[in-house]
Amino acid sequence: MSEQAIHKTPEIHHQFDVLIIGTGSAGLISALQLSEDMSVALISKDRVLEGSSYYAQGGISAVLDIDDNFDSHVQDTLITASGLGNEEATKFMVEGAPDAIKSLENSGVEFTKNNNTYHLTTEGGHSSRRVAHVADRTGKSIQTNLLDSVKTKNNIKIFEGFIAVDLLIKDSRCYGAYILNKNSNCVESFIAQKTIIATGGAAKTYLYTSNPDTSTGDGIAMAYRAGCNIVNMEFTQFHPTCLYHPHAKSFLISEALRGEGGKLILPNGDAFMHKYDDRAELAPRDIVARAIDSEMKSNGFDCVYLDISFEEKDWIKQHFPSIYKKCKSFGIDIADNPIPVVPAAHYTCGGIQSNLDGQTNIEDLYAVGEAAHTGVHGANRMASNSLLECIVFAKSCAKHINQSTLYTQQQGFNDWDESKVAPSKEKVVVSHLWDEIRRIMWNFVGIVRSNKRLNYAKYRLDQIQIEVNEYYKLYLISSDLIELRNLVKTAQIIVNSAIARTESRGLHYNEDYPNQSNTPKNTIIQKQ
Ligand code: FAD
Ligand code: SIN
């Protein structure tokens with residue numbers, strides 16, 4: 001939230017074969033898998049490594065154990081998805097998993113092993129140990145290695161500190177995007193034959209989130225404005241265990257801790273998960289997060305606790321070095337004490353409708369990673385299936401582009417026009433609305449919903465949308481304003497999707513419709 005907008009006339013045009021917006025694992029893998037004779041622009045609104053991918057802890061799921069099998073991984077994913085998982089897409093992802101692991105290893109990722117075999121951990125919903133990981137820093141290892149590989153490619157140009165504003169669309173075809181160069185404050189035109197949205201999720205629409213600041217739903221909002229179908233956005237996943245500490249900014253305590261036997265307990269030391277589900281701590285996340293929410297609300301607790309202190313200190317430090325270190329920095333030695341935890345918004349199960357090749361309903365526009373809705377997560381994502389989805393679908397998207405015919409590039413898009421806007425002296429409006437949206441979402445569109453709370457959220461978000469549109473028309477664009485515009489649009493889509501679902505399923509629990517309908521349906525939102 002620091003952007004200074006300065007009036008300048010932009011006349012910078014770039015031309016690339018492929019424009020990739022986002023440098024998380026979905027964006028980097030897409031770039032690496034594209035044919036080297038294609039010119040590729042790789043855009044990141046922040047530092048290249050900043051994004052959820054870098055912070056991934058638990059790992060990436062894949063059938064790698066001789067006693068495991070594809071069918072079991074598919075069935076676990078579909079059960080967790082609560083009736084809305086797409087079986088074809090799930091099989092495609094699961095069967096692509098061992099190759100995804102190999103691709104990462106080829107880029108230099110060294111998964112944790114014991115005597116040359118993968119150390120596989122487990123998490124909620126998995127019936128076998130199938131989560132490959134690099135201690136508890138899986139994302140950091142994946143991202144740094146992928147970026148090193150990208151840097152060796154002459155056909156890929158990285159634009160750091162460039163934030164996409166809107167897609168260039170004519171006759172239902174995408175020709176690239178307008179992108180604000182945050183260094184010069186000029187909007188530049190990026191013309192491309194194929195555009196891939198890899199902008200991650202929208203958990204920043206909530207006040208408390210495990211996600212970094214980049215997760216403002218930009219790609220989803222841009223795609224909505226462009227005419228894409230946006231599917232199942234009511235299913236925001238709350239991670240059950242984020243560190244409860246005033247300065248921890250919802251630091252994640254990996255589900256792998258529960259996979260390795262960690263117990264959820266109340267302040268008096270009593271375990272409680274067995275009251276909610278036979279799978280106890282390893283039930284899918286929707287169940288665990290709701291159970292914690294219920295215990296906190298009914299007993300007036302600020303948090304519950306996750307206890308791994310029965311393990312040896314050396315074992316904990318070896319398996320969870322980052323978590324150990326981070327908690328220690330806040331004065332909690334997890335080898336001696338249980339960890340105070342609360343749920344926080346973690347993952348966007350819905351997104352831009354895309355097929356097995358990442359294609360959206362707009363010609364030449366693709367979506368991959370958390371921004372996309374491929375159907376594999378349904379109403380609830382199983383742990384460690386997200387990095388897997390990023391990699392498998394980014395690969396198939398790149399393959400599809402490699403096999404397609406490139407055509408003559410479209411000209412004739414106007415430059416970004418700033419002639420009718422002025423510098424703003426009212427930036428406090430932007431920061432105020434940012435905060436208000438995130439509080440509305442946290443208080444009224446959280447783990448347990450009701451018609452009244454959802455309708456209030458809709459009423460106020462619709463007003464905020466009008467205020468943001470007014471502001472957007474009057475003042476020079478800035479990074480904060482672009483994100484605010486996307487935040488309110490994404491929040492509205494989440495609320496409208498939640499209102500449209502008159503049942504409770506997976507991550508969407510509405511106390512006015514506590515039952516699950518017999519006919520599962522996707523919620524599809526499209527701009528009228
Ligand atoms: P991201 O990695 O979020 O990257 C998005 C990119 O888009 C960033 O580069 C960002 O700068 C860029 N961007 C966004 N908007 C714009 C714009 N307007 N213009 C330009 N650039 C833009 N999943 C697992 O499977 N296993 C795990 O162990 C795991 N652990 C997790 C731990 C944490 C703390 C978090 C937050 C998530 C975790 N997840 C895990 C989920 C998983 O990490 C993410 O779903 C996945 O990494 C998303 O990757 P992505 O490439 O789609 O998006
Ligand atoms: C975690 O390590 O708990 C996060 C895993 C995930 O989000 O898939």
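Residues numbered from 1 in each chain as written. Chains lettered and ligands numbered in written order. Predicted model: local features only at pLDDT ≥ 70, side-chain atom pairs only at ≥ 80, totals over all residues. Heavy atoms only, no water.

### Looking at the nonpolar core
Leu19, Leu167, Phe190, Ile230, Ile352, Ile437 and Met441 are the most contacted members of the largest nonpolar core, which has 71 residues in total. Broken down by element, this core gets its largest block of residues, 10 residues, from helix α15 (residues 479-500). Residues in contact with Ile230, not counting those within four places in the same chain, are Ile220, Ala223, Tyr224, Gly351, Ile352, Ile493, Thr523, Ile524 and Ile525. (Core = buried A, V, L, I, M, F, W, Y, C linked by side-chain atoms within 4.5 Å. Buried < 20%, exposed > 50% of the residue type's maximum accessible area, 1.4 Å probe, protein only. Helix = DSSP H or I, 4+ residues; strand = E, 2+ residues; numbered from the N terminus. Contact = heavy atoms within 4.5 Å.)

### A word on the sheet that holds strand β14 (residues 304-307)
With antiparallel pairing, the 4 strands of this open sheet are ordered in space as β12-β15-β14-β13. What marks the edges here is a single partner per strand, and that holds for β12 (236-243) and β13 (263-265). Shown here is a sheet whose adjacent strand axes are inclined to one another by a mean of 45 degrees, direction ignored. The pairing of β14 with strand β15 (residues 339-348) spans 3 bridges and is antiparallel. When the sheet's bridge partners are listed, Val304 is paired in β15 with Val341. On the sheet, helix α9 (residues 285-299) packs against β12, β13, β14 and β15 and is oriented at approximately 60 degrees with respect to β12. (Pairing = 2+ DSSP bridges. Axes fitted to C-alpha atoms, helices over the stretch in contact; angles between N-to-C directions.)

### With respect to the site of ligand 2
Lining the immediate environment of ligand 2, one finds Gln57, Gly58, Glu123, His239, Leu252, Ser254, Glu255, Arg285, His346, Arg381, Ala383 and Ser384. Contact distances for ligand 2 include 2.8 Å between an oxygen atom and a side-chain N or O atom of His239. Ser384 places a main-chain nitrogen or oxygen 2.6 Å from an oxygen atom of ligand 2. Within the complex, 92% of the 260 Å² of free accessible area of ligand 2 lies under protein. Per-class residue counts for the shell around ligand 2 are 2 nonpolar, 6 polar and 4 charged. (Near = heavy atom within 4 Å. Polar contact = N/O pair within 3.5 Å; in protein donor to acceptor, adjacent residues only side chain to side chain. Areas by Shrake-Rupley, 256 points an atom, 1.4 Å probe, with all protein chains shown as cover. Nonpolar A, V, L, I, M, F, W, Y, C, P; charged D, E, K, R; others polar.)

### A look at α15
Structurally, the α-helix is built with 3.6 residues per turn, so residues lying three or four positions apart point the same way. Over its 22 residues, α15 extends 32 Å from the first C-alpha to the last, a length consistent with the 32 Å expected when each residue adds 1.5 Å. Counting buried positions along α15 yields 19 of 22 residues, so the element is predominantly enclosed. (Expected span 1.5 Å × (residues − 1).)

### Considerations on helix α5 (residues 97-106)
Among the residues of α5, Ala97, Pro98, Ala100, Ile101, Ser103 and Leu104 are the ones counted as buried. Immediately beyond the C-terminal end of α5, within one or two residues, lies Gly108, with a positive phi of roughly 110 degrees.

### A look at unusual backbone geometry
In this model, Asn185 sits at a positive phi of 60 degrees, which is unusual for a non-glycine residue. By secondary structure assignment, the location of Asn185 is in the loop between β9 (173-181) and β10 (186-197). The buried category is assigned to Asn185, whose relative accessible area is 6%. Backbone geometry at Ala280 places phi at a positive 45 degrees, although glycine is not the residue there. Owing to a relative accessible area of 14%, Ala280 belongs among the buried residues under this scheme.

### Regarding the site of ligand 1
Close to ligand 1 lie 40 residues, the nearest being Ser53, Gly59, Asp218, Glu370 and Ser386. Between ligand 1 and the protein, one listed contact pairs a nitrogen atom with a backbone N or O atom of Lys45 at 3.2 Å. The separation between an oxygen atom of ligand 1 and a polar main-chain atom of Ser52 is 3.0 Å. Its free accessible area being 1,000 Å², ligand 1 has 98% of it covered by the protein chains. Looking at the shell around ligand 1, the elements with two or more residues in it are α1 (25-33), β2 (40-44), α2 (52-55), β8 (162-170), β15 and α12 (385-403). For the shell around ligand 1, the element with the most residues is α12, which contributes 4 residues.

### Remarks on the confidence of the model for the chain
The predicted coordinates ought not to be read in detail in places where the model reports low pLDDT. Scored by pLDDT, the chain has a mean of 95; 97% of the residues are at 70 or more. For residues 1-9, every residue scores under 50 in pLDDT, and the model assigns this stretch 25 contacts once sequence neighbours within four places are set aside. (pLDDT = per-residue confidence, 0-100.)

### What about the packing of aromatic side chains?
For the structure on display, the rule yields 18 aromatic pairs. The aromatic ring of Phe413 is capped on one face by Lys170, whose charged end is 4.5 Å from the ring centroid. (Phe/Tyr/Trp six-rings, centres within 6.5 Å; stacked < 30°, edge-to-face > 60°. Lys NZ or Arg CZ within 6 Å of the ring centre and 35° of its normal.)

### Description of the sheet that holds strand β11 (residues 230-231)
Strand order in the open sheet made by the 4 strands is β18-β16-β11-β21, with mixed pairing throughout. Of all strands in the sheet, those with a lone pairing partner are β18 (372-373) and β21 (524-525), marking the two edges. Pairing between strand β16 (residues 351-353) and β18: 2 bridges, direction parallel. Of the residues in β18, the one forming a bridge with Ile352 is Ala372. Contacts from helix α7 (residues 218-226) reach β11, β16 and β21, with the element oriented near 40 degrees to β16.

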